[in-house]
Amino acid sequence: MKNAAIIVAGGLGHRMNSALPKQFMNLGGKPVVQWSLESFNQSETVKKIVLVLPEDWIEDGKRYISSFKTQKEFLITKGGKLRQDSVRNGLEMVGESFDFVAVHDAARPGITPEQINNGFEMAEQNGNAIFAVPSYDTLAKVIDNEIIDNIDRNVIFRIQTPQIFRYDILFKALEKAKNENIIGTDEATLVRKIGYKIHIILGSEKIAKITTNEDLEIAEFLFSKRN
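Residues numbered from 1 in each chain as written. Predicted model: local features only at pLDDT ≥ 70, side-chain atom pairs only at ≥ 80, totals over all residues. Heavy atoms only, no water.

### Quick look at the pattern of salt bridges
For the record, the criterion: Every case where a carboxyl oxygen of Asp or Glu lies within 4 Å of a side-chain nitrogen of Lys or Arg is listed as a salt bridge. We count a stretch as a helix when DSSP gives it H or I for four or more residues in a row; a strand needs E for two or more, and each element gets its number in order from the N terminus. Accessible area is worked out with a 1.4 Å probe on protein chains only. A residue is then buried under 20% of its type maximum, exposed over 50%, and partly exposed in between.
Counted by the stated rule, this structure contains 13 salt bridges. Among the ionic pairs, Glu-205 bridges to Arg-158, the shortest N-O distance being 2.5 Å. Of this pair, Glu-205 sits in the loop between strand 11 (200-202) and helix 7 (213-226) while Arg-158 sits in strand 10 (residues 157-166), and the two are 47 residues apart along the sequence. In this structure Glu-205 comes out as partly exposed when scored by relative accessible area, which is 42%. We classify Arg-158 as partly exposed; its relative accessible area is 37%. Through salt bridges with shared partners, a single ionic network connects Arg-83, Asp-105, Arg-108 and Glu-187.

Put into structure tokens, the structure is as follows:
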């Protein structure tokens, strides 16, 4: 199979309260985004990598990741207003000659080449594969700071990335979303809306998303152990 990856780093990370977007913040001596780039580069199943950056940060971004070297085809494109717009821009750069495409959050630097390979293998078997982890906490529905009801945690998973789909199916889902003004928080949501079942592959707490400064501190600890 001919596979590609889209690394989505099109946001500005306002919740970090920093002028520097979180994808360029230092983590273990490298920008956050570079860890994901290197993992997909090391995956033998990925033949092309597309990085999506905020339009105003493309030139600065190139400088931040100047130490990233690859023999694979590597392109950078601009992000859009919504996540799905950024993914759509990335998919255009991938091109329809590819079979499967993995979409991955740059803010999840803990992904490993082995996990990527396993994800593509499952996607080739089942048509798609998205990483997710079960919820172990007690879950509650809360309104106005009051617990209204409990939710069965046994049927709750926290969705992660990568999310891997056939190129044509992902393209179709994004086109429908654009034409019908559908907004989804991830690609799986949009693919479900065109009638496809989504298949889960077990993820890891180590590929949790960096959203806050506390998340970055936790990632620093994990990467110190990894290195």
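### Comments concerning the nonpolar core
Cut-off, in case you're wondering: Throughout this description, the term nonpolar core refers to a set of buried Ala, Val, Leu, Ile, Met, Phe, Trp, Tyr and Cys residues connected via side-chain atoms within 4.5 Å. Whether two residues are in contact is decided by their heavy atoms, any of which lying within 4.5 Å being enough.
Membership of the largest hydrophobic core comes to 28 residues, with the highest contact counts inside it found for Ile-7, Val-33, Leu-37, Phe-40, Val-46, Leu-51 and Phe-120. In this view, Leu-37 contacts Ile-7, Ile-49, Leu-51, Ile-65, Phe-68 and Phe-74; residues no more than four positions away in its chain are not counted. Listed in part, the 24 residues of the second largest apolar core include Val-87, Val-103, Ala-177 and Val-191.

### Observations concerning the side chain of Gln-160
As for its placement among the helices and strands, Gln-160 is situated in strand 10. Aside from chain neighbours lying at most four places away, what touches Gln-160 is Arg-108, Phe-131, Ala-132, Val-133, Gly-203, Ser-204, Ile-207 and Ala-208.

### Let's talk about the layout of surface pockets
Note the cut-off: Cavities and pockets are found on a 1 Å grid laid over the protein atoms alone: a cavity is a set of points where a 1.4 Å probe fits but cannot escape, a pocket is an open set with protein on both sides within 12 Å along at least five of seven lines, and a lining residue has an atom within 4 Å of such a point. Grid points are joined across faces, edges and corners, and a volume is the space filled by probe spheres set on the points. Each residue gets one of three labels, nonpolar for Ala, Val, Leu, Ile, Met, Phe, Trp, Tyr, Cys and Pro, charged for Asp, Glu, Lys and Arg, and polar for the others, Gly among them.
In this structure, the largest pocket occupies an estimated 580 Å³ of space. Lining the largest pocket are 24 residues, with Gly-10, Gly-11, Leu-12, Arg-83 and Lys-209 sitting closest to its centre. Take the lining of the largest pocket: its biggest share by element is three residues, from helix 3 (residues 83-94). Its residues assigned to classes, the lining of the largest pocket comprises seven nonpolar, eleven polar and six charged. Taken as a whole, the second largest pocket holds about 150 Å³ of empty space. Lining the second largest pocket are Pro-109, Gly-110, Glu-205, Lys-206, Ala-208, Lys-209, Ile-210, Asp-215, Ile-218, Ala-219, Leu-222 and Phe-223. Residues of the lining of the second largest pocket, tallied by class, amount to seven nonpolar, one polar and four charged.

### Overview of the packing of aromatic side chains
What counts, and what does not: What counts as a ring pair is set by centres within 6.5 Å for rings of Phe, Tyr and Trp (its six-membered ring), and what kind of pair is set by the plane angle: stacked under 30 degrees, edge-to-face over 60, tilted for all other angles. A positively charged side chain is recorded as over a ring if its NZ (Lys) or CZ (Arg) lies within 6 Å of the ring centre. The angle to the ring normal must also be within 35 degrees.
Going through the model one piece at a time under the given rule, you end up with five aromatic pairs. Judged by centre distance (5.2 Å) and plane angle (80°), the rings of Phe-68 and Phe-74 are edge-to-face. For Phe-74, a relative accessible area of 25% gives the class partly exposed. Between the NZ or CZ atom of Lys-2 and the centre of the ring of Phe-98, over which it lies, the distance is 4.6 Å. Above the face of the Phe-100 ring, Arg-166 is positioned so that its terminal group lies 5.2 Å from the ring centre.

### Observations regarding a nonpolar patch on the surface
The condition is simple: The patch calculation keeps residues exceeding 30% relative accessible area without a salt bridge and links them within 9 Å when they carry like charges or within 5 Å when they are nonpolar (Val, Leu, Ile, Met, Phe, Trp, Tyr). Note on areas: Shrake-Rupley, 1.4 Å probe, and residue coverage restricted to the protein chains presented here.
A cluster of nonpolar side chains, Phe-157, Ile-159 and Ile-200, forms an exposed patch at the surface whose accessible area comes to about 240 Å². Note on placement: Phe-157 falls in strand 10.

### Considering the sheet that holds strand 6 (residues 100-105)
Pairing between the strands of a sheet is mediated by backbone hydrogen bonds and can be parallel or antiparallel. In plain terms, the rule: Only when DSSP finds a minimum of two bridges between them are two strands counted as paired. The axes are straight lines fitted to the C-alpha atoms, using for helices just the contacting stretch, and the angles between their N-to-C directions are given from 0 to 180°.
Spatially, 5-4-1-6-10-7-11 is the arrangement adopted by the seven strands of the open sheet, whose pairing is mixed. This sheet does not close on itself; its edge strands, each paired only once, are strand 5 (73-78) and strand 11. Each strand axis lies, on average, 25° off the axis of its neighbour in the sheet, ignoring direction. Note: strand 4 (residues 46-53) against strand 5, six bridges, orientation parallel. From the neighbouring strand, Val-50 faces strand 5, where its bridge partner is Leu-75. Of the strands in this sheet, strand 6 and strand 10 touch helix 5 (residues 167-179), which is tilted by about 115° from strand 10.

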